[in-house]
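# A closer look at the structure
The lines below spell out each chain.
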Amino acid sequence: MSEYRTVVGLEVHVQLLTISKLFCGCSVTFGQPPNSAVCPVCLGMPGVLPVMNQKAFELALRAALALNCQIAPYTKWDRKNYYYPDLPKNFQISQYDLPFSFEGYLDIPASLDQPSKRVGLFRAHLEEDAGKSMHDESGQGGSTKVDLNRAGTPLLEIVSKPEIHSAEDARAYLEELRLLLKEAGISDCEMQEGSLRCDANVNIHIPQADGSFIATPIVEVKNLNSFRAVERSIRYEAMRQMEQYQKDGKKMGEVSKCTAGWDDARGVTIVQRRKEEASDYRYFPEPDLAPIRITAEMLERAKASLGELPHQARARLQADFGLGIYDADLLVRMGRAITAYFEKVVSAGADAKSACNWVANQVLTTLNESKSTIDQYPLTPGILAGLVVEVQKSGLNMQRAREVYGAMLADGVDAKTAIQKLGFVAVADEAALAEMIRKAMAANPKAVSDFKAGKIKAADSLKGAVMKETKGMAKADLLQKILLDELNKV
Amino acid sequence: MSSPLAERPVRELKGLLDSGAITSETLVIDCLVHISQRNPAIHAFLRVNPEAALAQAKAIDLKRKTGQAIGLLSGIPIALKDNICTKGLTTTCSSKILEHFIPPYNATVVEKIISADGIPIGKTNLDEFAMGSSTENSAFGSTRNPWDLDRIPGGSSGGSAAAVAGSLVPLALGSDTGGSIRQPASFCGINGLKPSYGRVSRYGLVAFSSSLDQIGPFSNDLFGTALLLQAIAGHDSKDTTSINQSVPTYLEELDQPIPSLRIGIAKEFFATGLDSEVEKAIQDALMVFKSLGAKVVDVSLPHSPHAIATYYLVATAEASSNLARFDGMHYGHRSKEKSSLIDTYCNSRGEGFGPEVKRRIMLGTYALSSGYIDAYYAKALGVRRLILNDFNNAFETCDVIIGPTAPTAAFKWGEKSSDPLAMYLSDIYTIGCNLAGIAGISIPCGFTTKGLPIGLQLQSASLTESKLLRAARMFENITPWHTKRSPTFS
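The structure reproduced in this document is the subject of the present report. None of these values were measured; they are calculated from a predicted model.

With that out of the way, let us pick up the sheet that holds strand S7 (residues 262–266) of chain B. The strands making up a sheet are joined through hydrogen bonds of the backbone, oriented either antiparallel or parallel. Residue and element names in this part refer to chain B. The strand order S1-S3-S2-S4-S6-S5-S10-S11-S9-S7-S8 describes an open sheet built from 11 strands, whose pairing is mixed. The strands lining the two open edges of the sheet, one partner per strand, are strand S1 (45–48) and strand S8 (295–299). On average, adjacent strands in this sheet sit at an angle of 30° to one another, irrespective of strand direction. Judged from the 5 bridges that link them, strand S2 (residues 77–81) and strand S3 (residues 119–124) form a sheet pairing that is parallel. Bridge pairing links Ile78 to Pro120 in S3. Taken strand by strand, helix H16 (residues 465–477) contacts strand S5 (191–194), strand S9 (400–404), strand S10 (439–447) and strand S11 (453–460), and its axis lies near 10° from that of S10.

Often, the extent of an interface is quoted as the loss of accessible area on bringing the components together. Taken together, the contact between chain A and chain B spans 31 residues of the former and 39 residues of the latter. Of the roughly 2,700 Å² buried between chain A and chain B on both sides combined, carbon and sulfur atoms contribute 59%. Our enumeration of links across chain A and chain B arrives at 1 salt bridge. In this structure, Asp288 of chain A and Arg202 of chain B form a salt bridge, with 2.9 Å as the shortest nitrogen-oxygen distance. The tally of links between chain A and chain B comes to 17 residue pairs in polar contact (both at pLDDT 80 or more).

All names here are of chain B. Mapped onto the secondary structure, Thr91 falls in the loop between S2 and helix H4 (108–115). By relative accessible area, which is 1% here, Thr91 ends up buried. At 3.2 Å, the side chain of Thr91 forms a polar contact with the side chain of Thr86. With residues up to four places along the chain from it excluded, the contact list for Thr91 reads Arg47, Asp82, Asn83, Ile84, Cys85, Thr86, Leu98, Phe101, Pro103 and Lys123.

Moving on, we get to the packing of aromatic side chains. Residues and elements named next belong to chain A. Tallied over the full model, the rule gives 27 aromatic pairs over all chains. An angle of 55° between the planes, with centres 5.6 Å apart, marks the rings of Phe57 and Phe100 as tilted. Taken together, the positions of Phe57 in helix H1 (residues 54–66) and Phe100 in the loop between strand S5 (91–94) and strand S6 (101–108) put the pair 43 residues apart, joining distant regions of the chain. For Phe57, a relative accessible area of 2% puts it in the buried group. Given the relative accessible area of 0%, Phe100 is considered buried. Relative to Tyr377, the ring of Tyr341 lies with its centre 5.6 Å away and its plane at 85°, an arrangement referred to as edge-to-face.

On the surface, a cluster of nonpolar side chains totalling about 320 Å² of accessible area is made up of Leu112, Ile325 and Tyr326 of chain A. The residue Tyr326 of chain A is located in helix H6 (residues 325–334) in this model.

To continue, consider empty space enclosed by the protein. Residues and elements named next belong to chain A. Summed over the entire model, instances satisfying the criterion amount to 8 cavities of 30 Å³ or more. There is about 140 Å³ of room inside the largest cavity. Taken together, 18 residues make up the lining of the largest cavity; nearest its centre are Phe23, Val41, Pro50, Lys89 and Ile93. Here the lining of the largest cavity is composed, by residue class, of 10 nonpolar, 1 polar and 7 charged.

Note on strand geometry: in a regular strand, side chains alternate between the two faces of the sheet. Residues and elements named next belong to chain B. Along S5, one buried face is formed by Asn191 and Leu193 and the opposite face, lined by Gly192 and Lys194, is buried too. Pairing between S5 and strand S6 (residues 214–219): 2 bridges, direction antiparallel. Bridge pairing in S6 links Asn191 to Ser219. Where S5 meets S10, 3 bridges bridge the pair, whose relative direction is antiparallel. Residue pairing for S10: Leu193 is matched across the bridge by Ile441.

With that settled, the discussion passes to the environment of Asp147 of chain A. Residue and element names in this part refer to chain A. In this structure, Asp147 sits in strand S9 (residues 145–147). As for Asp147 and Ala265, which are separated by 118 residues in sequence, their C-alpha atoms are 26 Å apart. Aside from chain neighbours lying at most four places away, what touches Asp147 is Pro34, Asn35, Gly131, Lys132 and Met134. Among the polar contacts made by the side chain of Asp147, one reaches the main-chain amide nitrogen of Asn35 at a distance of 2.9 Å.

The rules behind these values
Residues numbered from 1 in each chain as written. Chains lettered and ligands numbered in written order. Predicted model: local features only at pLDDT ≥ 70, side-chain atom pairs only at ≥ 80, totals over all residues. Heavy atoms only, no water. Pairing = 2+ DSSP bridges. Helix = DSSP H or I, 4+ residues; strand = E, 2+ residues; numbered from the N terminus. Axes fitted to C-alpha atoms, helices over the stretch in contact; angles between N-to-C directions. Contact = heavy atoms within 4.5 Å. Buried area = accessible area lost by both parts, 1.4 Å probe. Salt bridge = Lys/Arg side-chain N within 4 Å of Asp/Glu carboxyl O. Polar contact = N/O pair within 3.5 Å; in protein donor to acceptor, adjacent residues only side chain to side chain. Buried < 20%, exposed > 50% of the residue type's maximum accessible area, 1.4 Å probe, protein only. Phe/Tyr/Trp six-rings, centres within 6.5 Å; stacked < 30°, edge-to-face > 60°. Patch = residues over 30% accessible without salt bridge, like charges linked within 9 Å, V, L, I, M, F, W, Y side chains within 5 Å. Areas by Shrake-Rupley, 256 points an atom, 1.4 Å probe, with all protein chains shown as cover. 1 Å grid on protein atoms, 1.4 Å probe; cavity = no way out; pocket = protein on both sides within 12 Å on 5 of 7 lines; lining within 4 Å. Points joined across faces, edges and corners; volume = space filled by probe spheres on them. Nonpolar A, V, L, I, M, F, W, Y, C, P; charged D, E, K, R; others polar.

Written as structure tokens, this is what we have:
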């Protein structure tokens, strides 16, 4: 099988973090009883009119700026007409030919093994969500039920260019997009609750001997319920298209675009329908809503509300704290609040690399276990910095340090007090350590001879014996130095 | 049998109420009695709401008795076209598809009427979804012209016009998308005003064509017209197409003549098809204005021959989308045929809509469909702009443009119902006003030899209703036409 290049464009819908719907005052809180968060406007009753939610537009504008989009000075609403029981008006208010933002990009961040990659965006536009249809899946032919709580929820549709070239990159793109939107307070991006949804347009380019390539027909993959599903489905679909091409030789343009559903349990895409002709949505300008002029003041406000974006934070953490790509990324992914905590730990005197390790490991574990956020975390940055400093100074090993940390949380004391209370006094007396080493060497002559024969690892058992005797309190770097000295004396 | 109180000019009725000479209860009972006597012949009302109307009248009378302030409408009963939503009171749009629809909310105009101590007394007949010019397209029987029961009252607000002309009620609201207030006012010998687009909230008016629809008053005198307009005009936060500008004091300004009034005459309003008796009445009206010192100027509306074609593209396109919500899924008629989703849509709409509504939905769907939208809908929007420019140019040199409201007086029942195009042409002089979004009024200006009323149309620039009413009042003040009542019931 020849090599091929995967080509993916992603269409992402995110629900904006508003209190109310896009065109009425109904609540958008997830999980309310069916059809309880509805009013005449979102039910599409006769005679009602939409009124735009200003907050939704502000959030959308903020997102467009964060995604480096160009902003239209003038934008309007359009009706997309189609019939479906969960669409009460039988048209969706969306944006067609004059979206409020277009031509942006998102950079997939660099990692240890690959540089940053830029993915272009066609557009980002605002629209209202439809309700939810719940079909009878028992096969008994029961009624389909419709819940209109979601109808009218503000959605931002972000359409990427087909510039994603692997399943892994598709996932990385989504992760970066989610991080960006969450950090800027635009969306909570919970795929489980449907506040982030993704469809993937996939095809492959098969290189030819003359340097050209053949493109296969584009398939739109739907029903993607997790980032993992996005990744797996793209990988599968690309493979399937290669096999299909080898069977029928069909190229792009020779068959119409079609839709496929992802079956997560079986790990396969299932081609659902071939669109014989493009659906005619009869788009036309929404006469019930005035067009919007985006003023310089609106843009300024949106810019001011952005805050530090993930790529800016990564660069700053590397430049200002000397962190590597990996650590900087680790912190940024934990969010602005935890990054800010980390910075305070460092300014309270801790070394950046150690502080990063502590925050990324112990602090995060504590937060996860107690299902709490950093602002509820009991240790102040100064107290945690004290621990980091003490551990380094005293040379406590990691296991002991964790015990100290546990005691600090349990008793609400600082590192020094906890160490005292636990009786952890690092043995740093050179003479005492040397005596213990000589004793261990005497008890284990084989280790000594093995070491002398070039088995460096043999020294570990001697170290272990000293640690055992000191209950793990021997100062590790000092022990190492003296051990080597003693072995060299033999 | 005593003659109805509603025969009196509204100016007089309001005086009687305000002075305590009659009570609101007396007036409401008098209206209810005459409705029960006359409505079987005219069929202006689809339903009345006697209990609620009487209860409200008694409450207003009590307020008056105890010296509390009474709202502007002084306890006058008002008929509402049945496409204006009334909370708890069936609102059908004269369509089978909404035969049993009870809105859970009041239209903004209804709220405003109630808070101004006006009394919604019942709902009046119309052409189904306001589509028609004769009120023959009602699913619940046609309305008859009080001046000649063999003739139509005009449409689509034929029920409201006939209710006022037949002295069933002193005031009524209609809606005007292409002449649906002015043309029936003309045919019924009363006043009917279409306010500028955005002057009156459309919230709760079941939309036919969102960019053209406006609600407006019917009255037997201009005082009543100004009074009801005063009560319903103004910005509404529920309708973002309503204009956020303060409302002039129409009532106070009404009796102030306009010094050196400039009357515009457009030759396009005296085209072929204009009945000679109508033309004579208009020329006579012009003489009246001249006798008042008005200056007559020739103006040109070169694009008005394209108004009908433009209108039937814009209005039907919007209607095809606005009426999509009537699908039998959430409210309204649902076909009893057990069948697939698509069949349920088709059967519900097929059974629920009448032929004219179906014709317009099909026209509008076609005008918006892919491959045709540029040639039809988009082009119509361009011509609409030209028509507006024509009016704007004309209003540079004149205050009001006068002409006939309709090319003929009321025609016979069934005369044009089999010829849609002939029916459409009865709106030839009223449509431009809606396309341009300006203000227009029809006032009585004479009778044909058969004794049928003739209407004079005055049009003025957007938001100049005060000027329009004052110019009309100058005419009313020295002519007898508005005092004439139908001899049918005397």
